[in-house]
Amino acid sequence: MKRYKLYKILLLAIIITSAGCKKGFLNLQPKDQLVTATTFTTYDGFKAYAWNFYSVFPGYNFSLQNSEFNSDLFLNAVANGRSNWIWQLITIPSTDANYTNGYNNIRSVNIMLDNIDQSSLSDAEKKHWRSVGYFFRAYNYAELINKFGDVPYVDRTLSDTDSALYMARTPRDVVAQHILDDLIYAQQNIKPAGDGPNSINTSVVQALISRFGLREGTWRKYHGLGNADQYLQASVAASEKLLTTFPTLNASYDDDYNSLSLAGKPGIILYKQYETNQITHSLSSYGRNASGRWDLTKKAVDLYLLSDGQTRFTSPLFTNDKTPNEEFKNRDLRLYYTVPPPYVVNTTPPSTVFTYTNKPEDTMYFALMNRISNPQVKTLPTLNWNGFVVRQEPHYVDFPNGQPYSVTYTGYRFYKMVNHYILNQQNADINDCPIFRMGEILVNYAEAKYELGSFTQAVADATINKLRARGQVAALNIGSIPNDPTRDPDVPAVLWEIRRERAVELMGDGFRFDDLRRWKKMNYVTEIKLGRWITKGGVNMPPANSIIPIQGGGTAGYISYEGTPPSPFPDYYYLYPLPSNEIALNNKLTQNPGWK
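Here the structure is a predicted model, which means the values were calculated and not measured.

Summed over all chains, the structure comprises 7 cavities of 30 Å³ or more. Size it by volume and the largest cavity reaches roughly 100 Å³. The wall of the largest cavity is formed by Lys299, Leu303, Val491, Trp496, Arg499, Arg500, Ala503, Arg512, Trp519 and Tyr524. Looking at the lining of the largest cavity, the elements that each hand over two or more residues are α18 (493–505) and α19 (512–519). In terms of residue count, the dominant contributor to the lining of the largest cavity is α18 (4 residues). Of the residues belonging to the lining of the largest cavity, the class tally is 6 nonpolar, no polar and 4 charged.

Given below as structure tokens:
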């Protein structure tokens, strides 16, 4: 993934294709004949050009994590950080990078595709580069229809006089079929190993089919569009191939997100590589300092099962949620990798040293974290970006104990991508980012099989139970599912467990907002977002005079920074509005219904 940087000088010429005059829905660029003549002749020329396509993958750039604020499982822990989607404050934008960047990317791909046939490549090489182009074109169109529904479909490079610049929106049915056709072609014709390690290959194409097929199929089912099964079956078929190719998972869930290198890791299909002094990110640093304000909600934490496979509402292993220690006992290991376990140590901030208190309960999770992690990643106590010890977890914004870093509103601070590899150097994080991994494929497969009416215990064992085993949670027995009093009564118990597993496995990965949209379950976000139970003035609790708000007032209860959002969630909010500038430039474009 990082190798496209090695072609920077060549791409400076090629990037001419990213600039130009505004015409309709595309940023048009003059085709530089010298660039075309010198680039699209040799195999390496195509490869150098195509590395630029990989920038479509966001990696650890905050966008996926920030999208979680629009769901029911995350809260933006800043003042007035409410989601405009949830609070129905979205207005029609004049421009939208989701739209313009998508079409800019598609144009770049189409330029390459239009120059394949006249090149001197062999037939097999032409099929390979056509497959690479089809993959990235499909990826970009899949993102466009996911957000906007019907969008203009263009499969060739347009000149500045082409009448297609002002075409109407192409029906979603047609665009989705093109996406699937492109991906099926790519699966059949791309070089199986791609262009070397960590490049687009057969497995990566199958991973996108798995993702797109599930998303499109369920959108069609729950939004009444029809033809859902075609896409669900494509998702199942691609997922089954990947289950064979990648039979084992990475031994540690945390290792999927906090490895210095994901090269050769079990279950990793494609990743974005980060390297010291070359390509770095800031996500881990933000999670360790005052800027990282991603918080899980109480609802999110309640999704994590106990080790006996039951919910916190039904398991005899669960005593209460009135203290952090009790709430975190005997839980799915993925919770400890996602939210810091509770503890208290003695330290005088800011300091890199600490001592233990004289209370064993203050460090009851230290041994667990030593067992499942290591000092470079997530052992306790937690540290901020320059190694200062955090005295206590949970560590509240409005009760910082002299430590204005690593803070939380809800008490459930999101630290899944946080590690201690680089301290005393902020915003230079180098843990690799998974783009496609088997954790996602397994929950895709389980859900698609259920939606097709073919989910069995064998499927559960091959998917849900592999993930539960990694979290040291008892297996799902579909014939004996414990009652969950929080289950949506409109969702069957088996599907509820599949969706639970998806939420837990992909927590904070940027899927939940889109999942609620495709299931037509954005009504979940109209519920109030709550945090931990606190007792002001209690042991290891905020002081009696703390300003932390509690639901219903009083001195004990669930933290409640936000009120109850408006309800119902509008149907037209399930699709994004088209940018007004695009409609002004092209009078054949129409706005999504309901947006004014």
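Still more to cover.
Attention now goes to unusual backbone geometry. Looking along the chain, the bond that leaves proline 349 and enters proline 350 is cis, with omega of -5°. Note that proline 350 resides in the loop between β6 (343–346) and β7 (355–356). Despite not being glycine, asparagine 277 has its phi angle at roughly 65°, a positive value. As for its placement among the helices and strands, asparagine 277 is situated in the loop between β4 (268–272) and α10 (283–288). Positioned with a positive phi, asparagine 424 is a non-glycine residue whose angle comes to about 60°. Within the fold, asparagine 424 resides in the loop between β8 (392–393) and β9 (433–437).

Moving on to the side chain of aspartate 295. Relative to the helices and strands, aspartate 295 resides in strand β5 (residues 294–296). Look at aspartate 295: it is buried, it has no salt bridge, and the nearest opposite charge is arginine 413 at 6.9 Å. In this structure the side chain of aspartate 295 is engaged in a polar contact, spanning 2.7 Å, whose partner is the side chain of threonine 408. From its side chain, aspartate 295 meets the backbone nitrogen of threonine 410 in a polar contact 2.8 Å long. Leave out the neighbours within four places in its chain, and aspartate 295 touches Leu73, Phe74, Leu75, Ala77, Val407, Thr408, Tyr409, Thr410, Gly411, Tyr412, Arg413 and Phe414.

One pass over the structure, following the stated rule, counts 44 salt bridges. When the shortest N-O distance is used, the salt bridge between glutamate 501 and arginine 334 registers 2.7 Å. Taken as a pair, glutamate 501 in helix α18 and arginine 334 in helix α13 (residues 333–338) lie far apart in primary sequence, 167 residues in all. Residues glutamate 501 and arginine 334 agree in their burial class; the two are buried. Among the ionic pairs, arginine 500 bridges to aspartate 484, the shortest N-O distance being 2.7 Å. Separated by 16 residues along the polypeptide, arginine 500 in helix α18 and aspartate 484 in the loop between α17 (464–470) and α18 bring together distant segments of the chain. Residue arginine 500 is classed as buried on the basis of its relative accessible area of 3%. On the basis of relative accessible area, aspartate 484 is assigned to the buried category, the value being 5%.

Cut-offs and rules
- Residues numbered from 1 in each chain as written.
- Predicted model: local features only at pLDDT ≥ 70, side-chain atom pairs only at ≥ 80, totals over all residues.
- Heavy atoms only, no water.
- 1 Å grid on protein atoms, 1.4 Å probe; cavity = no way out; pocket = protein on both sides within 12 Å on 5 of 7 lines; lining within 4 Å.
- Points joined across faces, edges and corners; volume = space filled by probe spheres on them.
- Helix = DSSP H or I, 4+ residues; strand = E, 2+ residues; numbered from the N terminus.
- Nonpolar A, V, L, I, M, F, W, Y, C, P; charged D, E, K, R; others polar.
- Buried < 20%, exposed > 50% of the residue type's maximum accessible area, 1.4 Å probe, protein only.
- Lys, Arg positive; Asp, Glu negative; His and termini not counted.
- Salt bridge = Lys/Arg side-chain N within 4 Å of Asp/Glu carboxyl O.
- Polar contact = N/O pair within 3.5 Å; in protein donor to acceptor, adjacent residues only side chain to side chain.
- Contact = heavy atoms within 4.5 Å.

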